[in-house]
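Geometric and topological summary
One letter stands for each residue in the lines below.
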Amino acid sequence: MSSQPFSALPFLPISTGLIENLWMEDAGYGDLTTRSLGIQDHPAHITFTARDDQIASGVEEAAALLKQLGASIDYAIPSGSRALSGTLLLEAKASAGQLHLGWKSAQSLMEWSAGIATMTHKMVTLAKKISPMAVVGCTRKAPPLTRPLAVKAVLAGGGVMHRINLSETLLVFAEHLTFMNFDIGKAIGRLKQTAPERKITVEVETIEQALTVAQFSPDILQLEKFTPQQLHHLHERLEFFDHIPSLAAAGGINPENIADYIEAGADIIVTSAPYYAKPCDVQVKLEAA
């Protein structure tokens, strides 16, 4: 096991409200079993261990959840770390009642987050084997109300966010152009004037549409559901342009086909696949201290 994170994560503040909502969902009315057995005040110790190889994520949030319930944290591996099977992820002490309130929420949080981080890491590794400059960006289509945790998991896996929300990027869809008589030149010109510090991305659905849009010098062409063959053909035709936009392949890209898109000439992979990854397996032992 390496304790060094796979990627250096930026400081991401943990929302106390988010953490409270996580444990309240499962334990807002207490633990009937622990209380009825009369064991809630017994000193206890809990460990969370990777049962399969994974990229750890959500560990700091899991630790914060246990701390909100009164636990003291003895160890927490940094999110983004490679964790082989058997690696200790998190260790804490508290009363049996406190730990029983939080252990399942903490475990589920780490398993789900690590699933996203691990698939992201796999896709990044596959892409960079072919092109070291390739970028794997995840969309904003994380399950509702999970975006802060999903963003952290993507970063932990070495990916980037394609878009975190609508306010940070310029991405022109046909749905925007319908209000501008589909005048792409006018749309790009206006964006260069009104948001000159931002890169301009335009979604296209066909090679001919991509070539038309490229004449107006956008920064990025987002190729919606292009096949690798179509992407390669477009890449060849754009070589004759004075300004060649970056090519972002989007739509149905996953670990099984990402290499084909990178080989075809994609600079950026836009994907939602990590959000549907199988959660990793985290083993929990809760024992008397």
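Scroll up to find the structure.
1. Notes on the overall build of the protein
The secondary structure content of the protein amounts to 10 helices and 13 strands. For the C-alpha atoms alone, the extent of the protein along its principal axes is close to 75 × 40 × 25 Å. A burial count over the protein gives 47% of its 289 residues as buried. Long-range pairs, those at least 24 residues apart, make up 72% of the contacts in the protein with a sequence separation of at least 6. Accessible area of the protein: about 14,600 Å², with a carbon and sulfur share of 55%. In the protein, 23 positive and 30 negative side-chain charges are present, and the distance between their average locations comes to 2 Å.

2. Some details on the pairing of strand 5 (residues 88–95)
Sheet analysis places strand 1 (residues 43–50) next to strand 5, joined by seven bridges and oriented antiparallel. Bridge assignment links I46 to a residue of strand 5, and that residue is A92. Inspection of the sheet shows strand 3 (residues 72–76) paired to strand 5 by four bridges, in the antiparallel sense. Bridge pairing in strand 5 links S72 to K93.

3. Let's talk about the nonpolar core
One finds L221, L234 and I269 to be the most contacted residues of the largest nonpolar core, which totals 39 residues. The dominant element in this core, judged by the number of residues it contributes, is helix 8 (residues 207–214), at five residues. Not counting chain neighbours up to four residues away, the residues in contact with L221 comprise V202, V204, A210, V213, A214, L238, P245, S246, L247 and A248. Counting 32 residues, the second largest nonpolar core, distinct from the first, contains W23, I46, A63 and A64.

4. Concerning the pattern of salt bridges
One pass over the structure, following the stated rule, counts seven salt bridges. A salt bridge links R51 to D281; its shortest N-O distance comes to 3.2 Å. Taken together, the residues span a long stretch of sequence, with R51 in the loop between strand 1 and strand 2 (54–55) and D281 in the loop between strand 12 (268–271) and strand 13 (282–288) at a distance of 230 residues. Between E197 and R198 there is a salt bridge; the shortest N-O distance is 3.7 Å. Its relative accessible area of 61% is what places E197 among the exposed residues. Given a relative accessible area of 40%, R198 falls into the partly exposed group. Salt bridges linked by common partners bring E60, E61 and K152 together as one network.

5. Things to note about helix 4 (residues 96–130)
For helix 4, with 35 residues, the first-to-last C-alpha span of 50 Å sits near the 51 Å given by 1.5 Å per residue. Where helix 4 bends most, at G102, the angle is about 35°.

6. A few points about the packing of helix 4 against helix 5 (residues 147–156)
Pairs of packed helices are described in terms of their axes, by the angle between the two and the distance that separates them. At a minimum axis separation of 7 Å, helix 4 and helix 5 run at an interaxial angle of 45°. The pairing of helix 4 with helix 5 is recorded here as oblique in orientation. Crossing of helix 4 against helix 5: the hand is right-handed. Between helix 4 and helix 5, the residues in contact are L109, W112, S113, I116, A117 and T120 and L149, A150, A153, V154 and A156, respectively. Class assignment of the residues belonging to the contact of helix 4 with helix 5 gives a composition of nine nonpolar, two polar and no charged.

7. Structural notes on the side chain of S105
Assignment of secondary structure puts S105 in helix 4. We classify S105 as buried; its relative accessible area is 12%. Of note is the side chain of S105, whose polar atom sits 3.5 Å from the backbone oxygen of L22.

8. Brief notes about the sheet that holds strand 8 (residues 170–172)
The strand order across the open sheet formed by seven strands is 7-6-12-11-10-9-8, and the pairing between neighbours is parallel. Looking at strand neighbours, the two that pair on one side only are strand 7 (160–161) and strand 8, the edges of this open sheet. Where strand 10 (residues 220–224) and strand 11 (residues 246–250) come together, five bridges link them in parallel fashion. Paired with I220 across the strands is S246, a residue of strand 11. Helix 7 (residues 184–194) contacts strand 8 and strand 9 (200–204) of the sheet and is inclined by roughly 160° relative to strand 9.

9. A few points about the sheet that holds strand 13
Within a sheet, neighbouring strands are paired by backbone hydrogen bonds and run either parallel or antiparallel to one another. Taken together, four strands build an open sheet; the order of strands is 3-5-1-13 and the sheet is antiparallel. Because the sheet does not close on itself, it has two edges, and the strands there are strand 3 and strand 13. Geometrically, the sheet is characterised by an average inter-axis angle of 15° between neighbouring strands, direction not taken into account. Strand direction decides the pairing type here: strand 1 and strand 13, joined by seven bridges, are antiparallel. Following the sheet pairing, T49 is matched in strand 13 by Q283. Contacts between helix 3 (residues 59–68) and the sheet are confined to strand 1, strand 3 and strand 5, with strand 5 contributing the most and set at about 5° to the helix.

How each quantity is defined
- Residues numbered from 1 in each chain as written.
- Predicted model: local features only at pLDDT ≥ 70, side-chain atom pairs only at ≥ 80, totals over all residues.
- Heavy atoms only, no water.
- Helix = DSSP H or I, 4+ residues; strand = E, 2+ residues; numbered from the N terminus.
- Buried < 20%, exposed > 50% of the residue type's maximum accessible area, 1.4 Å probe, protein only.
- Contact = heavy atoms within 4.5 Å.
- Areas by Shrake-Rupley, 256 points an atom, 1.4 Å probe, with all protein chains shown as cover.
- Lys, Arg positive; Asp, Glu negative; His and termini not counted.
- Charge placed at Lys NZ, Arg CZ, Asp CG, Glu CD.
- Pairing = 2+ DSSP bridges.
- Core = buried A, V, L, I, M, F, W, Y, C linked by side-chain atoms within 4.5 Å.
- Salt bridge = Lys/Arg side-chain N within 4 Å of Asp/Glu carboxyl O.
- Expected span 1.5 Å × (residues − 1).
- Bend = angle between axes of the 7 residues up to and from the residue.
- Axes fitted to C-alpha atoms, helices over the stretch in contact; angles between N-to-C directions.
- Parallel < 35°, antiparallel > 145°, perpendicular 65-115°, else oblique.
- Left-handed = near helix turned anticlockwise from the far one by under 90°.
- Nonpolar A, V, L, I, M, F, W, Y, C, P; charged D, E, K, R; others polar.
- Polar contact = N/O pair within 3.5 Å; in protein donor to acceptor, adjacent residues only side chain to side chain.

Remember, this is a structural readout, not a statement about activity or role.
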